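These are the residues of each chain, in order.
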Amino acid sequence: MSGAGRPKKTRYQIPRGMHDLLPEDLKYFQKIFDTCDRIASYYRFGRIETPILEQAELFTKGVGQSTDIIEKQMYALKTEGGDLLALRPEYTASVARAFIEKGMEVLSKPVKLWYFGPCFRHEKPQAGRYREFWQFGFEALGERNPVIDAQIIRLFLNILEELKLKNLMVQINSIGDPKCRAHYKKVLTRFLKSSQAGLCSDCKKRLKQNPLRTLDCKNEKCQAIISQGPQVLDYLCKECRAHFKEVLEFLDALKIPYRLNPYLVRGLDYYTKTVFEISCGNPSSELNQPLLSLVGGGRYDGLVKLLGGKDTPACGAAAGIERIADLMKEKEIKLKEEDLPKVFLVQLGNLARSKALILFEEFRKAKIPVYEAFSKDSLRAQLARADRFGVKYVLILGQKEVLEKKVILRDMKNGNQRTFRMGEIVEAVKTELKNNIK
Ligand code: HAM
């Protein structure tokens, strides 16, 4: 994220891994928000925002106790009243909670929701990895048909493409349902145990707690072992295989290129069947080359029930907003220039200043942007500023003009000056701008 100048050592500093979002950053956030909003209304997703703080147990149960997000990264706190709350590390569990708690289960399905806001994970800060980061996400609850999996991928690609990002790569896999996955886990564990000595210390731990997590280990030795091991797609039951096949057929129909990645498992426990990630990278890069993912998602058919709701199949994904904004800056993707004022309002003396204040408000109502420097006194200082802004017109309101209820309109290019009655100046400027500015 950006900074206005050289960072200073000050008494109070921002917590590590967090960042201020400055106007320059928020221009990108706004562009991303507007794009999501437009796409959401086309696909008929309604916006939801949930509290940043939730009961910690919602995430422990929903995301999974043995996941990195919960085990190592969750910011949890005990309130004075003794409640154990957590800053949300992600939105999906909160959306599922709201879906149940707010009675959305009775609505016609799928219930389509989207969100845009900050999440918190106590990770080791590095490029593209923050402790506070923003996500936008789209969730479709109550739909079992694989068409929605493909449509969600299409929707995220549409957003990224509208933001002018290129070389987008979809990686996809199916991790089955709890039943066929349990069988695969057993086979995988047996295989890994036979090669345990070569695994890194993290994978040795994962082998006991969550063997699937060994599959996306970045350690080269582990990758070499795993590449010889059993692959989840070979162990899918008939239903999960058929579901996955249909998702891929829909992707083909939508002309979405994808890579099957048998090692993609994702770090959250609620996933069933389809999992996918979208990254921006070199199309010829290797599958196991670590690329920062922009979007991660998949199906989570068991989550709503796990949290106490009805059996509700669901699918969704979320994207990292800083990662997208950073990439847009890196690729020098231009944002539309905002309409800068073409007029500067100069005032001389206290009486003129208070009239200028009123005039400034009249221009706002007429939707004509105007620069001012009400705290400056001298004509020279104000004209210098007008010059710096490169405005086309300057309005001058001095003592004499106030008494005569007039305003001078000066064309900065040729120096021509005309005087207008105060009550007519807004219309005069409007006409002037319309006629003379292409
Ligand atoms: P996730 O993969 O943990 O999935 O996060 C989604 C996206 O958030 C990532 O692809 C990445 O762009 C961004 N992200 C994650 N952690 C960080 C971080 N520390 N710093 C910056 N960006 C980060 C989920 O959160 C799921 N809830 C997605 C989902 C929605 N699945 C189904 N529905």
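Residues numbered from 1 in each chain as written. Predicted model: local features only at pLDDT ≥ 70, side-chain atom pairs only at ≥ 80, totals over all residues. Heavy atoms only, no water.

## Here's the deal with the sheet that holds strand β4 (residues 84–87)
Rules: A pair of strands is considered paired only if DSSP assigns at least 2 bridges between the two. Note on conventions: DSSP H or I runs of at least 4 residues are helices, E runs of at least 2 residues are strands, and numbering of each starts at the N terminus. To get an axis, fit a line to the C-alpha atoms, keeping to the stretch in contact for a helix; angles then go from 0 to 180 degrees between the N-to-C directions. Any two residues whose heavy atoms approach within 4.5 Å are treated as being in contact.
Strand order in the open sheet made by the 3 strands is β2-β4-β3, with antiparallel pairing throughout. Looking at which strands have only one partner, the edges of the open sheet turn out to be β2 (53–55) and β3 (76–78). Going across the sheet, the axis of each strand differs from the next one's by a mean of 35 degrees, ignoring polarity. Of the strand pairs in this sheet, β2 and β4 are connected by 3 bridges, and their pairing is antiparallel. Bridging from a neighbouring strand, Gln-55 pairs with Leu-85 of β4. In the packing of helix α2 (residues 56–63) onto the sheet, contacts are made with β2 and β4, and the angle to β2 comes to roughly 70 degrees.

## Focus on the site of the ligand
The following threshold applies: The nearness test applies per residue and asks whether one of its heavy atoms lies within 4 Å of the molecule or strand. The term polar contact refers here to a pair of N or O atoms within 3.5 Å; inside protein, the definition further demands a hydrogen-donor-capable atom paired with an acceptor-capable atom, and it admits residues adjacent in sequence only when both atoms are side-chain atoms. Areas reported here follow the Shrake-Rupley algorithm with a probe of radius 1.4 Å; residue values treat only the protein chains shown as occluding.
Not every one of the 27 residues close to the ligand is listed here, only the nearest: Glu-90, Glu-123, Tyr-130, Glu-139 and Tyr-271. In the model, a nitrogen atom of the ligand is placed 2.6 Å from a nitrogen or oxygen of the Glu-123 side chain. Between the ligand and Leu-294 there is a distance of 3.0 Å, counted from an oxygen atom to a backbone nitrogen or oxygen. Considered on its own, the ligand offers 660 Å² of accessible surface; in the complex 97% of this is hidden by protein.

## A few points about the domain arrangement of the chain
Rule in force here: Boundary definitions for the domains trace back to an automatic or database domain assignment.
You can read the domains of the chain as domain 1 (23–177 + 237–330) and domain 2 (343–435). Distance between the C-alpha centres of domain 1 and domain 2: 51 Å.

## What to know about the packing of helix α1 (residues 23–43) against helix α11 (residues 321–330)
Inclusion rule: When describing relative orientation, an angle under 35 degrees is termed roughly parallel and one over 145 degrees roughly antiparallel, while 65 to 115 degrees is termed roughly perpendicular and anything else oblique. Here is the rule for handedness: rotate from the far helix to the near one, and if that takes an anticlockwise turn smaller than a right angle the crossing is left-handed, while a clockwise turn gives right-handed.
Contact pair α1 / α11: the axes reach a minimum separation of 10 Å and the direction vectors enclose 110 degrees. The pairing of α1 with α11 is recorded here as roughly perpendicular in orientation. Of the two possible hands of crossing, α1 and α11 adopt the one that is right-handed. In this structure, α1 uses Asp-25, Tyr-28, Phe-29, Lys-31 and Ile-32 to contact α11, whose residues at the interface are Ile-321, Glu-322, Ile-324, Ala-325, Met-328 and Lys-329.

## Re the packing of aromatic side chains
Quick note on the threshold: Only the six-membered ring of Trp is used, alongside the rings of Phe and Tyr, when aromatic pairs are assigned; centres must lie within 6.5 Å, and planes under 30 degrees apart are stacked while those over 60 apart are edge-to-face, with the rest tilted. Throughout, exposure labels follow a simple rule: accessible area from a 1.4 Å probe, protein chains only, divided by the maximum for the residue type, with under 20% read as buried, over 50% as exposed, and the rest as partly exposed.
For the structure shown, the criterion picks out 18 aromatic pairs. Taken together, a centroid distance of 5.6 Å and an interplanar angle of 45 degrees make the contact between Tyr-184 and Tyr-235 tilted. One end of the pair, Tyr-184, is in helix α6 (residues 178–194); the other, Tyr-235, is in the loop between α8 (220–226) and α9 (238–253), with 51 residues separating them in the sequence. Judged by centre distance (3.8 Å) and plane angle (15 degrees), the rings of Tyr-371 and Phe-389 are stacked. Of this pair, Tyr-371 sits in strand β13 (residues 370–372) while Phe-389 is found in helix α13 (residues 379–389), placing the two residues 18 residues apart along the sequence. With relative accessibility at 16%, the residue Tyr-371 sits in the buried group. Owing to a relative accessible area of 34%, Phe-389 belongs among the partly exposed residues under this scheme. Through a chain of ring-to-ring contacts, the aromatic side chains of Phe-29, Phe-33, Phe-45, Trp-114, Phe-116, Trp-134, Phe-136, Phe-138 and Phe-156 assemble into a single cluster.

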